[in-house]
Amino acid sequence: MKAKEDNFVEWIKKRREEGILYVMETYGGLLYSIVRKRLFMAPDRIEECMNDVFLGIWKNIDSFDESRGTFKNWAAGVARLEALDTLRRIQRELRFQKVSLEDVDISGEDRELLALTERELSDETEEILQYLSGRDQELFRRIFLEEEEPEKAGEALGISRDNVYVRIFRGKQKIRRKLKERERA
């Protein structure tokens, strides 16, 4: 029996390889274009990211709910998130390289790659943060972008420790809900 449009999700849930192979054949082009769009400045990372996309689909298939949308849209969301994770890894790698600038001649292409990566992440981040109130946006920026300790960020904003964690929890829930709504649209 071969995987088809009406049974491939069940096959993946049962951990049958034919299910994911069907996804690769049927949706691979779409997922590749989503990943390539976000990683155009790092073509050497596209294949690795595609592997992560298919692994993400394989591992998280139980979170797919047919009543909430199509598999195609859900898989596209997985591809977008994996591409953004790859961009974050690239940015971290570039940021944490401990090399003296006198020792390295950074080419214009590498600087452009770093600038494009930062711009892409910045745009995506700002788009996501727009769903939060101004105070929560500042809290999220301090904690998740500037990597400030939650307690220190709360103290600077005049928010109690417990309230910081409540705001983070509720903010994440709100962001997830808004992104799902946007995905359905």
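Caption draft 1: Fine view of unusual backbone geometry. A positive phi angle, close to 65 degrees, is found at arginine 15, a residue other than glycine. Mapped onto the elements, arginine 15 comes out in the loop between α1 (8–13) and α2 (17–38). For arginine 15, a relative accessible area of 39% corresponds to the partly exposed category.

Caption draft 2: A look at helix α8 (residues 161–184). The terminal C-alpha atoms of α8, which comprises 24 residues, lie 35 Å apart, in line with the 34 Å expected from a rise of 1.5 Å per residue. Taken as a whole, α8 has its buried residues at Val164, Arg167, Ile168, Gly171 and Ile175.

Caption draft 3: Structural view of the pattern of salt bridges. Scanning the entire structure with this criterion turns up 11 salt bridges. Close ionic contact of arginine 45 with glutamate 48 constitutes a salt bridge, the shortest N to O distance being 3.9 Å. Classification of arginine 45 by relative accessible area gives buried; the value is 15%. The partly exposed category is assigned to glutamate 48, whose relative accessible area is 37%.

Caption draft 4: Region of interest: the confidence of the model for the protein. Per-residue pLDDT for the protein has a mean of 85; in total, 90% of the residues score no lower than 70. Here helix α5 (residues 108–129) is the element of the protein with the lowest mean pLDDT, 73, and helix α3 (residues 46–60) is the one with the highest, 94.

Caption draft 5: Molecular detail of the side chain of arginine 45. In this fold, arginine 45 is placed in the loop between α2 and α3. Not counting residues within four places of it along the chain, the set of residues in contact with arginine 45 comprises Leu39, Thr86, Ile90 and Glu93.

Caption draft 6: Region of interest: the packing of α2 against helix α4 (residues 71–96). Interaxial distance between α2 and α4 falls to 9 Å at its minimum, and their mutual angle equals 40 degrees. The angle between α2 and α4 places the two elements in the oblique class. Once α2 is placed against α4, the crossing between them reads as right-handed. Note on element contacts: α4 touches α2 through Phe71, Lys72, Ala75, Ala76, Ala79, Arg80, Ala83, Leu84 and Leu87, opposite Val23, Tyr27, Leu30, Leu31, Ile34, Val35 and Arg38. Taken together, the residues of the contact of α2 with α4 break down into 13 nonpolar, no polar and 3 charged.

Caption draft 7: Spotlight on the nonpolar core. Ranked by size, the top nonpolar core spans 35 residues in total, and within it Phe8, Val23, Leu31, Val35, Val53, Ile57 and Phe71 carry the most contacts. Elements with a contribution of two residues or more to this core: α1, α2, α3, α4 and α5. Residues contacting valine 23, with those up to four places away along its chain left out, are Phe8, Ile12, Gly28, Phe54, Ile57 and Phe71. In terms of nonpolar packing, the next biggest core, distinct from the first, is built from 7 residues, Ala153, Leu157, Ile159 and Val164 among them.

Cut-offs applied
Residues numbered from 1 in each chain as written. Predicted model: local features only at pLDDT ≥ 70, side-chain atom pairs only at ≥ 80, totals over all residues. Heavy atoms only, no water. Helix = DSSP H or I, 4+ residues; strand = E, 2+ residues; numbered from the N terminus. Buried < 20%, exposed > 50% of the residue type's maximum accessible area, 1.4 Å probe, protein only. Expected span 1.5 Å × (residues − 1). Salt bridge = Lys/Arg side-chain N within 4 Å of Asp/Glu carboxyl O. pLDDT = per-residue confidence, 0-100. Contact = heavy atoms within 4.5 Å. Axes fitted to C-alpha atoms, helices over the stretch in contact; angles between N-to-C directions. Parallel < 35°, antiparallel > 145°, perpendicular 65-115°, else oblique. Left-handed = near helix turned anticlockwise from the far one by under 90°. Nonpolar A, V, L, I, M, F, W, Y, C, P; charged D, E, K, R; others polar. Core = buried A, V, L, I, M, F, W, Y, C linked by side-chain atoms within 4.5 Å.

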